[in-house]
Amino acid sequence: MNIEEIVARLKEYANCSEVYQKTTFECIRANKDGNTQKIEVSIFDAGPNRPEYRYHCVANSEGGKMATGNPDFSIDMAILGVHWNNLD
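Residues numbered from 1 in each chain as written. Predicted model: local features only at pLDDT ≥ 70, side-chain atom pairs only at ≥ 80, totals over all residues. Heavy atoms only, no water.

Engineer: Tell me about helix α1 (residues 3–13), and please be specific about residues and values.
Structural biologist: Capping the start of α1, N2 holds a side-chain oxygen 3.0 Å from the backbone nitrogen of E4, two or three residues further along. Following α1 by one or two positions, N15 adopts a phi angle in the positive range, close to 60 degrees. (Polar contact = N/O pair within 3.5 Å; in protein donor to acceptor, adjacent residues only side chain to side chain. Helix = DSSP H or I, 4+ residues; strand = E, 2+ residues; numbered from the N terminus.)

Okay, here's the thing in structure tokens:
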């Protein structure tokens, strides 16, 4: 079963209005002071049926700070649009 089939079943059987596949990455990032911080970056993919909102990126620091941006049709723009300075 592929992702699109799983999304369709969740919408039908679980009455979900929106479904995203979530991929999580652990990263080490230099903040504005040059200090390194461990962050968790989650990429949400709504699939091809929602192209204008397909990708969304959220980052969380170990210190409890969060950064995000607007959803976008492009993974590049979703990552570039994150307000990374909110993690500093």
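Engineer: Tell me about the nonpolar core, and name the residues and values.
Structural biologist: With 10 residues, the main nonpolar core is built from I39, V41, I43, Y55, C57, A59, A67, A78, V82 and L87. Contributions of two or more residues to this core are made by β2 (36–45) and β3 (55–61). Setting aside residues up to four positions removed in sequence, Y55 forms contacts with I43, F44, D45, N70, P71, D72, F73, S74, I75 and A78. (Core = buried A, V, L, I, M, F, W, Y, C linked by side-chain atoms within 4.5 Å. Buried < 20%, exposed > 50% of the residue type's maximum accessible area, 1.4 Å probe, protein only. Contact = heavy atoms within 4.5 Å.)

Engineer: How would you summarise the environment of E40 if you had to cite specific residues and measurements?
Structural biologist: In this fold, E40 is placed in strand β2. Overall, the relative accessible area of 31% leaves E40 in the partly exposed class. Linking E40 and Y13, residues 27 residues apart in sequence, is a C-alpha distance of 31 Å.

Engineer: Outline the sheet that holds strand β1 (residues 21–30), listing residues and values.
Structural biologist: Backbone-to-backbone hydrogen bonds pair the strands of a sheet. The strands run either parallel or antiparallel. On the basis of which strands lie adjacent, the open sheet formed by 4 strands has the order β1-β2-β3-β4 and antiparallel pairing. Whereas interior strands pair on both sides, the edge strands pair on one side only; in this sheet they are β1 and β4 (66–68). Strand-to-strand twist of the sheet, defined as the mean angle between neighbouring strand axes without regard to direction, takes the value 20 degrees. For β2 and β3, the ladder comprises 7 bridges, and the chain directions are antiparallel. If you follow F44 over to β3, its bridge partner there is H56. (Pairing = 2+ DSSP bridges. Axes fitted to C-alpha atoms, helices over the stretch in contact; angles between N-to-C directions.)

Engineer: Before we move on, could you go through the pairing of β3 and cite the residues and values that matter?
Structural biologist: Sheet faces and side chains relate simply in a regular strand, where the side chains alternate between the two faces. Burial of β3 is extensive: 5 of the 7 residues sit out of reach of the surface. Looking at chain direction, β3 and β4 are connected through 3 bridges and run antiparallel. Within β4, the position partnered with A59 by the bridge is A67. If you look at the hairpin formed by β3 and β4, you'll find 4 residues sitting between the two strands, and G64 has a positive phi there, around 90 degrees.

Engineer: Hey, could you go over the side chain of R29 for me, with residue numbers and the actual values?
Structural biologist: Within the secondary structure, R29 sits in strand β1. The buried category is assigned to R29, whose relative accessible area is 15%. Here the side chain of R29 touches Q37 through a polar contact of 2.7 Å, side chain to side chain. A polar contact is formed between the side chain of R29 and the side chain of D88, at a distance of 2.8 Å.

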